[in-house]
Amino acid sequence: ECQPPVIPGEALQASGSVLAAFVEDPSLLDPVRDHQQRVVETIRKSSANVELSLIAFLVIEGMKAHDLLELGCLRPDERRRVLDTVSQLLMEKKS
């Protein structure tokens with residue numbers, strides 16, 4: 001069961017304001033898109049396992065979106081285990 005995050009009211013308003021600004025003016029996302037594109041290009045050029053590295057990237061980005069949207073479905077211990085598992089998979093493929 002998803003729980004609302006325990007965040008002060010101002011922080012909740014801030015994330016809602018950010019999302020509203022992106023809806024109002026999608027070009028505000030252009031710098032974010034540019035940054036994401038550079039990150040993906042770096043992964044493509046430098047990773048020994050591009051697919052696994054892209055999966056890790058998307059997991060992290062998904063968790064950040066999860067936070068921004070204040071979904072609150074993952075417990076802190078679950079978040080940590082997911083990140084630990086992704087990290088372990090990356091390290092195994094590296095060796």
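Rules and cut-offs
- Residues numbered from 1 in each chain as written.
- Predicted model: local features only at pLDDT ≥ 70, side-chain atom pairs only at ≥ 80, totals over all residues.
- Heavy atoms only, no water.
- Helix = DSSP H or I, 4+ residues; strand = E, 2+ residues; numbered from the N terminus.
- Expected span 1.5 Å × (residues − 1).
- Buried < 20%, exposed > 50% of the residue type's maximum accessible area, 1.4 Å probe, protein only.
- Salt bridge = Lys/Arg side-chain N within 4 Å of Asp/Glu carboxyl O.
- Axes fitted to C-alpha atoms, helices over the stretch in contact; angles between N-to-C directions.
- Parallel < 35°, antiparallel > 145°, perpendicular 65-115°, else oblique.
- Left-handed = near helix turned anticlockwise from the far one by under 90°.
- Contact = heavy atoms within 4.5 Å.
- Nonpolar A, V, L, I, M, F, W, Y, C, P; charged D, E, K, R; others polar.

Caption draft 1: Region of interest: helix H3 (residues 50-68). Between its first and last C-alpha atoms H3 spans 27 Å; for 19 residues at 1.5 Å apiece the expected length is 27 Å, and the two agree. Restricting attention to buried positions, one finds in H3 the residues Leu52, Ser53, Ala56, Phe57, Met63 and His66. After H3 finishes, the residue Glu70 shows a positive phi value of roughly 55°.

Caption draft 2: A look at the pattern of salt bridges. Within this structure, the stated rule accounts for eight salt bridges. Between Asp84 and Arg80 there is a salt bridge, and its shortest N-O distance comes to 3.2 Å. Of this pair, Asp84 and Arg80 are both found in helix H4 (residues 76-94), four residues apart, which corresponds to roughly one turn of the helix. Taking the relative accessible area as the measure of exposure, Asp84 reaches 40% and is therefore partly exposed.

Caption draft 3: Fine view of the packing of helix H2 (residues 30-46) against H3. Direction vectors running N to C along H2 and H3 enclose 150°, while the axes themselves pass 9 Å from each other. As judged from the angle between their axes, H2 and H3 are roughly antiparallel. The handedness of the crossing between H2 and H3 comes out as right-handed. Of the residues in H3, those in contact with Gln36, Val39, Val40, Ile43 and Arg44 of H2 are Val50, Ser53, Leu54, Phe57 and Glu61. Residues that form the contact of H2 with H3 fall into these classes: six nonpolar, two polar and two charged.

Caption draft 4: Structural context of the side chain of Ser53. Residue position: Ser53 is located in helix H3. Not counting chain neighbours up to four residues away, the residues in contact with Ser53 comprise Ile43, Ser47 and Leu90.

Caption draft 5: Region of interest: the environment of Ala56. The residue Ala56 is located in helix H3 in this model. In this structure Ala56 comes out as buried when scored by relative accessible area, which is 7%. In sequence terms Ala56 and Ser87 are 31 residues apart; their C-alpha atoms lie 8.0 Å from each other. Here Ala56 is in contact with Val86 and Leu90, once residues within four sequence places are set aside.

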